[in-house]
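# Coordinate inspection notes
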Amino acid sequence: MSKAIYPGSFDPLTFGHIDIIERASKIFDEVTVVVLNNSQKNHLFSAANRVSMIQDIVAGNGFKNVSVDISEGLLVDYAKENKANVVIRGLRAITDFEYELQIAQVNRVQLPGLETIFLTTSLDYSYLSSTIVREFAKYKGDIRKFLPESVAQKVEAKFAKKEL
Ligand code: ADP
């Protein structure tokens, strides 16, 4: 049985992430979206908020074999504890590649047998990142082409309260 994990910050979830989740759910028996609660990053949303937003989208899209979880520590430890054998990552451009290759290799040294599989971005979303969404939202740009309405509202609410 193939049990895949799709780790990331998802701060916030975009159509690019949803596309990868949907495609992965058709390839693997089980997919868990793992929200990494990385203390080094200054997040817009708490990990618990990100999990609940992703859960709503997963349920709304009817992705039956997809679950959502949080990891506070190393991804390899999460994979081991949860008996996952595949890590999914998305690749947008060559600029993603070097970093992704390094992480995949480190993870494989740490946990031999854990394979990283890359899904290439759909052309429609190749420009899209959570960073771009946050930048647009900060300056009150229209973010509705980038992410679902329910998430867009929460992002806008966050920035409505923030001073530029
Ligand atoms: P991280 O902070 O770990 O890079 P992100 O939430 O930014 O986490 O991204 C999670 C994963 O989703 C990464 O593998 C990233 O390359 C991928 N991803 C992000 N945006 C897109 C997109 N538009 N198309 C395809 N993959 C994407």
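The rules we used
Residues numbered from 1 in each chain as written. Predicted model: local features only at pLDDT ≥ 70, side-chain atom pairs only at ≥ 80, totals over all residues. Heavy atoms only, no water. Helix = DSSP H or I, 4+ residues; strand = E, 2+ residues; numbered from the N terminus. Buried < 20%, exposed > 50% of the residue type's maximum accessible area, 1.4 Å probe, protein only. Contact = heavy atoms within 4.5 Å. Areas by Shrake-Rupley, 256 points an atom, 1.4 Å probe, with all protein chains shown as cover. Lys, Arg positive; Asp, Glu negative; His and termini not counted. Charge placed at Lys NZ, Arg CZ, Asp CG, Glu CD. Pairing = 2+ DSSP bridges. Right-handed = clockwise from strand over helix to strand, strands pointing away. Core = buried A, V, L, I, M, F, W, Y, C linked by side-chain atoms within 4.5 Å. 1 Å grid on protein atoms, 1.4 Å probe; cavity = no way out; pocket = protein on both sides within 12 Å on 5 of 7 lines; lining within 4 Å. Points joined across faces, edges and corners; volume = space filled by probe spheres on them.

On to the overall build of the protein chain, then. Each helix and strand in the protein chain was counted, giving six helices and five strands. Helices and strands appear in the protein chain in the N-to-C order β-α-β-α-β-α-β-α-β-α-α. Burial status across the protein chain gives 43% buried among its 164 residues. Considering only residue pairs separated by 6 or more positions, the protein chain has 74% of its internal contacts joining residues 24 or more positions apart. Carbon together with sulfur atoms contributes 52% to the accessible area of the protein chain, which is approximately 9300 Å² in total. For the protein chain, the distance from the average position of its 20 positive side-chain charges to the average position of its 20 negative side-chain charges is 3 Å.

To continue, consider the pairing of strand E1 (residues 3–8). Summarising burial for E1: five of the six residues are buried, a large majority. One ladder, built from six bridges, connects E1 with strand E2 (residues 30–36); its direction is parallel. Its bridge partner being in E2, glycine 8 is matched across the sheet by valine 35. Regarding the hand of the β-α-β motif, the stretch spanning E1, helix H1 (residues 15–27) and E2 is right-handed. Here E1 pairs with strand E4 (residues 86–91) via two bridges, running parallel. Looking across to E4, one finds that alanine 4 is bridged to valine 86.

In globular proteins that are soluble, nonpolar side chains generally tend to be buried together. Ranked by internal contacts, the top residues of the largest apolar core, which has 36 residues, are Ile54, Ile88, Ile143, Leu147 and Val155. Elements with a minimum of two residues in this core: E1, H1, E2, helix H2 (47–61), strand E3 (66–71), E4, helix H5 (130–138) and helix H6 (149–161). Tallying contributions element by element places H2 first for this core, with six residues. Sequence-distant contacts of isoleucine 143, defined by excluding residues within four places in its chain, comprise Val133, Phe136, Ala137, Ala152, Val155 and Glu156. Core analysis: the second largest hydrophobic core is formed by 10 residues, Ile5, Leu75, Val76 and Tyr78 among them.

Counting through the fold element by element, aspartate 77 comes out in helix H3 (residues 75–81). Note on aspartate 77: relative accessible area 36%, which makes it partly exposed. Along the backbone, aspartate 77 and asparagine 38 are 39 residues apart, and their C-alpha atoms lie at a distance of 14 Å.

Quick look at the layout of surface pockets now. Within this model, the largest pocket holds a volume of roughly 1300 Å³. In terms of lining, the largest pocket is formed by 50 residues, of which the most central are Gly8, Ser9, Lys41, Arg89 and Tyr99. Breaking the lining of the largest pocket down by element, the ones donating at least two residues are E1, H1, H3, E4, helix H4 (94–110), strand E5 (115–120) and H5. Of all the elements, H4 adds the most residues to the lining of the largest pocket, at nine residues.

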